[in-house]
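So the chains spell out like this:
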Amino acid sequence: PLLTPFCMMADAHEKELVQQLNELQTRVRDNQRQQITVVTQINMLEKEKRMAQLSKRELEDLPTGVNCYKSVGKAFMMTPTRDLVKDLQGKISNCDADLHHFQNSRLYIERQLKEAETQVKELLAK
C-alpha cells in the first residue's frame, strides 16, 4: 500500500517528462526547418545580388549611346543605360537590406535551436 502512491507519482512525473521532451523535440524540428528555409533564402538573395552586380558592371562598361533594352513582360523596351544601371543599383540595395534581415533571422533561429537543444539535454539528464 505504501508503494502505490509513490509509483503513481513517479509515473505522473515520467509522463510529464515525456510530454516536455516531445514539445522540445517539436520545437527543435521547427527551428531546423526554419533555419533551412532562411539559409535557402539567403543563398537565393546572394545569387540575385551577384547577378545584378555583374550586369551593372557590364552596363557601366558600355560606351554611351548604345541601345539597351529592358524586359517588360514578353516584350522589350528600349531604355537608357543610366536608367538600367539605376534600376540594378536599387535591386542591389534591396538585396543588401533583405540579406541583413535574413541574416539576423538566421542568428535568432540558431540561438533558439541551441537553447532548445540545451533544454533537451538537461531534461534527459534528470
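Residues numbered from 1 in each chain as written. Predicted model: local features only at pLDDT ≥ 70, side-chain atom pairs only at ≥ 80, totals over all residues. Heavy atoms only, no water.

Engineer: If you had to explain the overall build of the protein to someone new, which residues and values would you point to?
Structural biologist: Scanning the protein from terminus to terminus reveals two helices and two strands. Moving toward the C terminus, one meets the helices and strands of the protein in the order α-β-β-α. Its C-alpha radius of gyration of 27 Å places the protein more than 25% over the 14 Å reference for a compact globule of 126 residues. Each principal axis of the C-alpha distribution contributes one length, and for the protein these read about 100 × 25 × 15 Å. Considering only intrachain contacts with a sequence separation of at least 6, the fraction spanning at least 24 residues in the protein is 75%. Just so you have it, the protein exposes about 9,800 Å², and 57% of that area is on carbon and sulfur atoms. Distance between charge centroids for the protein: 5 Å, based on 19 positive and 18 negative side chains. (Helix = DSSP H or I, 4+ residues; strand = E, 2+ residues; numbered from the N terminus. Rg over C-alpha atoms; globule rule 2.2 N^0.38 Å. Contact = heavy atoms within 4.5 Å. Areas by Shrake-Rupley, 256 points an atom, 1.4 Å probe, with all protein chains shown as cover. Lys, Arg positive; Asp, Glu negative; His and termini not counted. Charge placed at Lys NZ, Arg CZ, Asp CG, Glu CD.)

Engineer: Describe the pairing of strand S1 (residues 68-72), and please don't skip the residues or the numbers.
Structural biologist: Where S1 lies against strand S2 (residues 75-79), five bridges are found, and the strand directions are antiparallel. Across the sheet, Val72 pairs through a bridge with Ala75, a residue of S2. (Pairing = 2+ DSSP bridges.)

Engineer: I'd like a description of the confidence of the model for the protein, backed by residues and values.
Structural biologist: On average, residues of the protein score 88 in pLDDT, and 91% of them reach the 70 mark or higher. In the model, residues 1-7 has pLDDT below 50 throughout and makes zero contacts with residues more than four positions away in sequence or in other chains. (pLDDT = per-residue confidence, 0-100.)

Engineer: Report on the pattern of salt bridges, specifying residues and quantitative values.
Structural biologist: On inspection of all chains with the given rule, the structure shows six salt bridges. Lys49 is paired through a salt bridge with Asp96; the nearest N and O atoms lie 2.5 Å apart. With Lys49 in helix H1 (residues 3-61) and Asp96 in helix H2 (residues 81-125), the pair connects residues that are 47 residues apart, well separated along the chain. Judged by its relative accessible area of 34%, Asp96 falls in the partly exposed class. Its salt-bridge partner being Lys70, residue Asp87 comes within 2.8 Å of it at the nearest N-O pair. One end of the pair, Asp87, is in helix H2; the other, Lys70, is in strand S1, and 17 residues separate them in sequence. (Salt bridge = Lys/Arg side-chain N within 4 Å of Asp/Glu carboxyl O. Buried < 20%, exposed > 50% of the residue type's maximum accessible area, 1.4 Å probe, protein only.)

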